[in-house]
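Analysis of the macromolecular model
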Amino acid sequence: MQRWRGQDEIPSDWGRCVLTIGVFDGVHRGHAELIGRAVKAARELNLKSVVMTFDPHPMEVVFPGTHPAQLTTLTRRAELAEELGVDVFLVVPFTPEFMKLSPERYVHELLVERLHVAEVVVGENFTFGKKAAGNVHMLKKAGERFGFKVDAVSLVTEHAVTFSSTYIRSCVDAGDMVAATEALGRPHRVEGVVVRGDGRGRELGFPTANVAPPMFSAIPADGVYAAWFTLLGHGPTMGTVVPGERYQAAVSVGSNPTFSGKARTVEAFIMDTAADLYGQHVAVDFVARVRSMEKFDSVDDLIVAMGKDAEKARTILARN
């Protein structure tokens, strides 16, 4: 899959393509439906399929300071798009200038002149251009004028719930990782770099990897979770941890109230492994919540609870 950053990376001799547009944060089941439709149409037409997304999140530019919690990093979005069969992943910088493009210029300059679209696949609630003035009806009228087809896809709904990034953020914020998994089609992932903590977990017999995620990451509600832990990249094996392999983990999210902690952390106790992972890029895939965060009367009570947490996490992960 090719990855392009900005309109200037689109080759001048670029042929026609099938395009789908969106932020695609999470690349959830609704997004997968859109992308899958675009990939299928492109193959039928013997054209390239293109996913066009934006960076930073449009909300941060339109309403500075309102960046929503991020379900997936840009790199992760590209990886997931590639798994769905996409040929080109195009990231358009969402700048104040881009924000001011009228719907007409958006279509003519970007979709027609730059990308030469043969078909555009979007959600039925898609909007575009300055002040989101463009909609599916306007896009279809433009398609009739410039010779491209528009496929407006219904939102994916199950059990009276419409799958959306906003819905999934609410699930993550509530610690409901089972519901988040159902909507995403996979467990919610938090990536980050392992940094040094206070070393208290090792002292208690449960050494943890303290994961520092990027800014705006969607972190689950405080509590203890069953999760899969993965060392990302293709570097050498770190102790008994092999890059790309997933390991069972019990993960604590919160401020360690038993020790009157202040900072909110993500700490993963990786079971049946031993490695110095400081500085490594890792992923934590949250499967289910084991319990809420508690303040224990003594350290001994905490150690007993941590042992039970690990066993509960093993049981949950054995079923996943």
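Structure's up top.
A quick note: this is a predicted structure, and the numbers were derived from the prediction, not measured. (Residues numbered from 1 in each chain as written. Predicted model: local features only at pLDDT ≥ 70, side-chain atom pairs only at ≥ 80, totals over all residues. Heavy atoms only, no water.)

Notes on the overall build of the protein chain
- Of the regular secondary structure elements, the protein chain holds ten helices and 16 strands.
- Overall, the protein chain is about 75 × 40 × 35 Å in size when its C-alpha atoms are taken along their principal axes.
- Within the protein chain, buried positions represent 49% of all 320 residues.
- Element-wise, carbon and sulfur atoms account for 51% of the exposed surface of the protein chain, whose accessible area totals about 15,400 Å².
- Here the protein chain carries 35 positive and 39 negative side-chain charges, and the mean point of each set is 3 Å from the other. (Helix = DSSP H or I, 4+ residues; strand = E, 2+ residues; numbered from the N terminus. Buried < 20%, exposed > 50% of the residue type's maximum accessible area, 1.4 Å probe, protein only. Areas by Shrake-Rupley, 256 points an atom, 1.4 Å probe, with all protein chains shown as cover. Lys, Arg positive; Asp, Glu negative; His and termini not counted. Charge placed at Lys NZ, Arg CZ, Asp CG, Glu CD.)

Some details on the pattern of salt bridges
- Counting across every chain of the model gives 17 salt bridges.
- The closest approach of N and O atoms between Arg-114 and Asp-8, which form a salt bridge, is 3.3 Å. Taken together, the positions of Arg-114 in helix H5 (residues 103–114) and Asp-8 in the loop between strand S1 (2–5) and strand S2 (17–21) put the pair 106 residues apart, joining distant regions of the chain.
- It is possible to trace a salt-bridge network through shared partners that takes in Glu-33, Arg-37 and Asp-151. (Salt bridge = Lys/Arg side-chain N within 4 Å of Asp/Glu carboxyl O.)

Some remarks on the packing of H5 against helix H6 (residues 136–146)
- Remark: H5 packs on H6, axes separated minimally by 11 Å, with the N-to-C direction vectors making an angle of 50°. On the basis of their axis angle, the class for H5 and H6 is oblique. For the pair H5 and H6, the crossing hand works out as right-handed. Residue-level inspection shows Pro-103, Glu-104, Val-107, His-108, Leu-111 and Val-112 of H5 in contact with H6, the latter providing Met-138, Leu-139, Ala-142 and Phe-146.
- By residue class, the composition of the contact of H5 with H6 is eight nonpolar, one polar and one charged. (Axes fitted to C-alpha atoms, helices over the stretch in contact; angles between N-to-C directions. Parallel < 35°, antiparallel > 145°, perpendicular 65-115°, else oblique. Left-handed = near helix turned anticlockwise from the far one by under 90°. Contact = heavy atoms within 4.5 Å. Nonpolar A, V, L, I, M, F, W, Y, C, P; charged D, E, K, R; others polar.)

Concerning H5
- Three or more residues of H5 are buried, namely Pro-103, Tyr-106, Val-107, Leu-110, Leu-111 and Val-112. Buried residues of H5 fall within an arc of 160° about the axis and therefore sit on the same side.
- Phi turns positive, to about 55°, at His-116, one or two residues after H5. (Arc of directions from axis to C-beta.)

Side note on the pairing of strand S13 (residues 223–231)
- Counting buried residues in S13 gives nine out of nine residues, a clear majority hidden from the surface.
- Where burial is concerned, the two faces of S13 agree: the one with Gly-223, Tyr-225, Ala-227, Phe-229 and Leu-231 and the one with Val-224, Ala-226, Trp-228 and Thr-230 are both buried.
- Bridge count for S13 against strand S14 (residues 246–254) is eight bridges, and the pairing is antiparallel. Pairing of Phe-229 across the sheet is with Tyr-247, part of S14.
- Pairing of S13 with strand S16 (residues 281–292), which is carried by nine bridges, proceeds in the antiparallel orientation. Note that in S16 the partner of Trp-228 across the bridge is Asp-285. (Pairing = 2+ DSSP bridges.)

Comments concerning the sheet that holds strand S12 (residues 209–212)
- One closed barrel accounts for six strands, arranged S11-S12-S15-S14-S13-S16; its pairing is antiparallel. Put simply, the sheet's adjacent strands are angled 45° from each other on average, direction ignored.
- Relative to the sheet, helix H8 (residues 177–184) contacts strand S11 (188–195), S13 and S16, its axis offset from that of S16 by approximately 130°.

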